[in-house]
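A look at the structure
Chain residues, written in single-letter form:
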Amino acid sequence: MLNYDIVIVGGGPAGLAAAVAARDAGIDKILILERDKELGGILNQCIHNGFGLHTFKEELTGPEYAYRFIEKVLEAKIEYRLNTMVMDISADRVVTAMSREDGMYQIQAGAVILAMGCRERPRGALNIPGFRPAGIFSAGTAQRLVNIEGYMPGREVVILGSGDIGLIMARRMTLEGAKVKVVAELMPYSGGLKRNIVQCLDDFGIPLKLSHTVVDIEGKDHLTAVTIAAVDEKSKPIPGTEERYTCDTLLLSCGLIPENELSRNAGVEMSPITSGPIVNESLETNIPGVFACGNVLHVHDLVDYVSEEAARAGENAAKYVKGQLSDAKSDIEITATDGARYTVPSTINIDRMDDKLTLRFRVGAVYKDSFVSVYFDDERVMHNKKRIMAPGEMEQVILLKNKLTEKPGLKKITVKIESE
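Presented here is a report on the structure given in the accompanying data block.

Thresholds, definitions, all that
Residues numbered from 1 in each chain as written. Predicted model: local features only at pLDDT ≥ 70, side-chain atom pairs only at ≥ 80, totals over all residues. Heavy atoms only, no water. Axes fitted to C-alpha atoms, helices over the stretch in contact; angles between N-to-C directions. Helix = DSSP H or I, 4+ residues; strand = E, 2+ residues; numbered from the N terminus. Left-handed = near helix turned anticlockwise from the far one by under 90°. Contact = heavy atoms within 4.5 Å. Nonpolar A, V, L, I, M, F, W, Y, C, P; charged D, E, K, R; others polar. Pairing = 2+ DSSP bridges. Phe/Tyr/Trp six-rings, centres within 6.5 Å; stacked < 30°, edge-to-face > 60°. Buried < 20%, exposed > 50% of the residue type's maximum accessible area, 1.4 Å probe, protein only. Lys NZ or Arg CZ within 6 Å of the ring centre and 35° of its normal. 1 Å grid on protein atoms, 1.4 Å probe; cavity = no way out; pocket = protein on both sides within 12 Å on 5 of 7 lines; lining within 4 Å. Points joined across faces, edges and corners; volume = space filled by probe spheres on them.

Let us look at the packing of helix H1 (residues 13-24) against helix H2 (residues 62-75). Axis separation between H1 and H2 bottoms out at 9 Å; the angle between their running directions is 35°. Pair H1 / H2 crosses with left-handed handedness. The segment H1 lies against H2, with Leu-16, Ala-17 and Val-20 engaging Ala-66, Phe-69, Ile-70, Lys-72 and Val-73. Within the contact of H1 with H2, the residues separate by chemical class into seven nonpolar, no polar and one charged.

Have a look at this one:
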């Protein structure tokens, strides 16, 4: 049995930032376990720019952003193991891992940080009719094929879903010489950042059809065409609105799901809305000493926010290992309602929180000229006007410790969207 103060599952942007923060907080025995053959996670295939504006105050590509943190890990001599699969995490923080070099082994961790990231929603979950021909890829798989493996998935492309990866791949495939015919989105709004719609679709004249979905796939051995149709408010296809596009490639960009099989098996309490762990102000789950951060917790829109959140997880895991994190129950519940879908964190213990706490959430629809309101029990204490809010972009409010301490007996904080 190996012993480490902190074991971090995942060597992507969240795991790297958490490791660096834990080392800066004075923890020596840290181990990062990464299943891929290199550190950096998904950023290694994100060769477009737009990363790092918040963290480094300059625009970087994904690999450049990842390498900034990899350098910090190397300088701090933080241990990491590649090509290593974590098989199990027990309630008492025994991590079972496996690799070709070391076989199966166990590690007793003082604290565990979950940083496994997320995966794409598979086609099977979308119930698209038709055969299963070659030529259908998730957008992330296509991104890896083009940017890392050096293969072109196809030349005539239709994209289903307007998540950020799908939007970015519309531009990437166009730059590589493919013809992207249309991006179809089931919802009446895009799931991606506004800047990606402008830079990846509008700038290249690629049409975005909202409230549309794929209703038929043609081709037995290889994709030859797809048919899309408009949908009604119940997401049912409307007869007579079908449009057929010949193509050899269909990319699916239909959402991301936090990678939480390990978390569930460990007994971590999960949110039905985010599909990620329920955490308190310290990003600690219901299992003492097990923390979560990054896309395994909830899907982020900017990697800068992932790094910021992961640093908090690293600092709090360090406090836990040192015995500086009190085990008092979180006494304030945070509720999202009236347009706000969820919040991270879900509970607060005032004694354990920092002077400032960033509360992040997403809305469930597009809101224009509306207000983000925060209530302490039944008293409204925040009422911030936002010109536009959309599900594709995370929102946040800042809670101040001194304001919370002024409300003894506070039981509930509510975040809601109001029209006036």
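Before going further, it helps to examine the sheet that holds strand E13 (residues 208-210). Strand order across the open sheet formed by five strands is E10-E17-E11-E12-E13, with parallel pairing between neighbours. Of all the strands in the sheet, just strand E10 (136-138) and E13 have a single pairing partner and so form its edges. Put simply, the sheet's adjacent strands are angled 20° from each other on average, direction ignored. Judged from the five bridges that link them, strand E11 (residues 156-160) and strand E12 (residues 179-185) form a sheet pairing that is parallel. Looking at E12, one finds that Leu-160 is bridged to Ala-184. Strand contacts of helix H3 (residues 139-149): E10 and strand E17 (249-252), with the helix running at about 90° to E10, the strand carrying the most contacts.

Applying the stated criterion across every chain, the model contains four aromatic pairs. Ring geometry for Phe-56 versus Tyr-65: centroids 5.4 Å apart, planes at 70°, classification edge-to-face. Residues Phe-56 and Tyr-65 agree in their burial class; the two are buried. Following the ring pairs from residue to residue traces out a cluster consisting of Phe-56, Tyr-65 and Phe-69. Over the ring of Tyr-4 we find Lys-29, and its NZ or CZ is 5.0 Å from the ring centre. Sitting above the plane of the Phe-69 ring, Lys-72 keeps its charged end 4.9 Å from the centroid.

Here we come to the layout of surface pockets. For the second largest pocket, the calculated volume is near 560 Å³. Lining the second largest pocket we find 25 residues, and of these Leu-193, Lys-194, Ile-388, Ala-390 and Glu-393 sit closest to its centre. Per-class residue counts for the lining of the second largest pocket are 13 nonpolar, four polar and eight charged.

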